[in-house]
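Observations on chain architecture
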Amino acid sequence: MKVSAVICEYNPFHLGHAYQLRAAASPAGEKENAVIAIMSGSFTQRGEPAVLSKYQRAEIAVRLGADLVLELPFPYSSASAEIFGGAGVSIAHRLGCVDYLCFGSEKGDIAALQTVSDRLQSAEYQRALAAHLSDGYENAYRTSAATVYQRLYGEDFTKNGSNDLLSLSYLSALKKYGSAITPMTVMRKGERYNGEGEGFASATSIRSYLKTEHWDRIRASVPKETANALQKAAENGRLADAERLYPLYAALVRVRGKDALEGLYDIPLELAARCAKYIYAKNTEAYLSLCASKNYSPSRVRRAMLTALMNVRKEDVSEVPYTLVLAANETGRALLKTIRKTSSIPVITKPADAERMDGDVARAFRLSARADSVWELLCDVPREGNAMIKESPVML
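Reading guide: rules and limits
- Residues numbered from 1 in each chain as written.
- Predicted model: local features only at pLDDT ≥ 70, side-chain atom pairs only at ≥ 80, totals over all residues.
- Heavy atoms only, no water.
- 1 Å grid on protein atoms, 1.4 Å probe; cavity = no way out; pocket = protein on both sides within 12 Å on 5 of 7 lines; lining within 4 Å.
- Points joined across faces, edges and corners; volume = space filled by probe spheres on them.
- Helix = DSSP H or I, 4+ residues; strand = E, 2+ residues; numbered from the N terminus.
- Nonpolar A, V, L, I, M, F, W, Y, C, P; charged D, E, K, R; others polar.
- Axes fitted to C-alpha atoms, helices over the stretch in contact; angles between N-to-C directions.
- Parallel < 35°, antiparallel > 145°, perpendicular 65-115°, else oblique.
- Left-handed = near helix turned anticlockwise from the far one by under 90°.
- Contact = heavy atoms within 4.5 Å.

On to empty space enclosed by the protein, then. Within the structure shown, the criterion is met by two cavities of 30 Å³ or more. Each pocket or cavity is described by its volume, and for the largest cavity that value is around 110 Å³. Ranked by the residues each element gives to the lining of the largest cavity, the list is headed by helix 14 (residues 298–310), at four residues. For the lining of the largest cavity, the residue count by class is eight nonpolar, two polar and three charged. If you go around the second largest cavity, the residues you meet are Lys54, Tyr55, Leu324, Pro351, Phe365, Ala369, Asp372, Met388 and Ile389. Of all the elements in the fold, those that place two or more residues in the lining of the second largest cavity are helix 2 (54–63) and helix 17 (359–376).

Put into structure tokens, the structure is as follows:
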């Protein structure tokens with residue numbers, strides 16, 4: 001049995017995700033493969049909370065095409081595209097049994113994406129970028145990278161969309177690890193992540209429908225399993241509301257000032273100063289509009305908010321030290337037996353076991369559990385802060 005992996009968030013799981021899982025199960029016309037979903041935990045790459053708990057999202061994924069769901073833990077789940085993609089690939093590679101990595105892209109052309117990735121890692125490009133940055137340009141790194149690339153190769157590699165950019169992080173990480181995993185891409189058939197375009201509704205659009213309780217639009221955009229889970233969670237006060245995060249963060253920074261932001265992971269002094277300066281904004285929207293700039297996107301500011309709230313230090317973000325089993329079906333359970341023999345990364349089934357493992361794993365698990373406990377506070381009806389530590393994988 002061959003194995004495909006996808007790196008995902010499922011926030012929430014929609015029709016485009018189901019389409020990708022079908023493609024991952026049959027790469028290049030092969031017989032059906034087992035599919036491992038490496039899924040973000042309680043917080044996502046743009047610095048927002050997932051609307052449903054990680055165990056609920058994992059169960060939906062297994063019901064709709066995945067065989068095994070493993071967690072991409074915080075803070076890797078809420079880091080830059082390079083760190084997010086690299087951590088996901090690290091898990092897939094170190095499992096020791098993955099044959100394919102399947103990801104969506106706007107371009108839908110693996111050869112073209114590989115060409116861009118190779119150019120970005122070439123000595124020629126790296127020298128030109130270093131020279132450009134040393135000249136004192138004040139543009140964001142991504143802007144500088146695009147400028148240098150266009151000057152050398154005559155095209156803008158950032159123009160297609162966020163999925164293409166994330167694809168480049170996957171390809172770069174596969175090369176870094178010297179992985180034998182074969183990358184394959186599925187052309188995105190739907191809206192872009194921000195809701196623009198046509199086709200399958202994006203997760204962003206679906207989350208906006210949740211805010212306005214447009215259940216007819218939601219049911220037209222997601223499988224019935226997702227719609228039912230969302231509606232039940234809404235009725236029970238178990239949907240996380242991203243707006244609840246700002247008061248928690250603002251209280252921290254209003255009390256501690258800039259000290260709450262300095263010395264933390266991926267928050268340069270300039271960003272720390274901006275975040276502290278505008279901390280008296282009344283809500284998230286106002287805060288992001290004030291803090292964001294040409295150098296710092298709203299997503300970057302959101303990630304800084306999470307970093308400060310969870311007190312993430314540089315030493316907390318290195319090689320992802322473990323992954324947690326969230327859900328599996330019969331095929332997934334058989335695959336877990338294989339993984340126990342092939343994996344070079346700890347694969348934890350019971351959350352409580354993590355704290356009894358070596359120092360790096362225990363420390364990393366505690367940080368991810370801290371994020372889970374904060375996620376609970378974002379629901380109308382929160383559970384105890386340690387509720388997720390007591391949960392077991394969903395076995396179907």
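Our next topic: the packing of helix 12 (residues 269–277) against helix 13 (residues 284–291). One can describe the packing of helix 12 onto helix 13 by two numbers: an axis separation of 9 Å at closest approach and a directional angle of 140 degrees. As the angle between them shows, helix 12 and helix 13 are arranged oblique. Here helix 12 and helix 13 pass one another in a crossing that is right-handed. Note on element contacts: helix 13 touches helix 12 through Tyr287, Leu290 and Cys291, opposite Arg274, Cys275 and Ala276. When its residues are assigned to classes, the contact of helix 12 with helix 13 shows five nonpolar, no polar and one charged.

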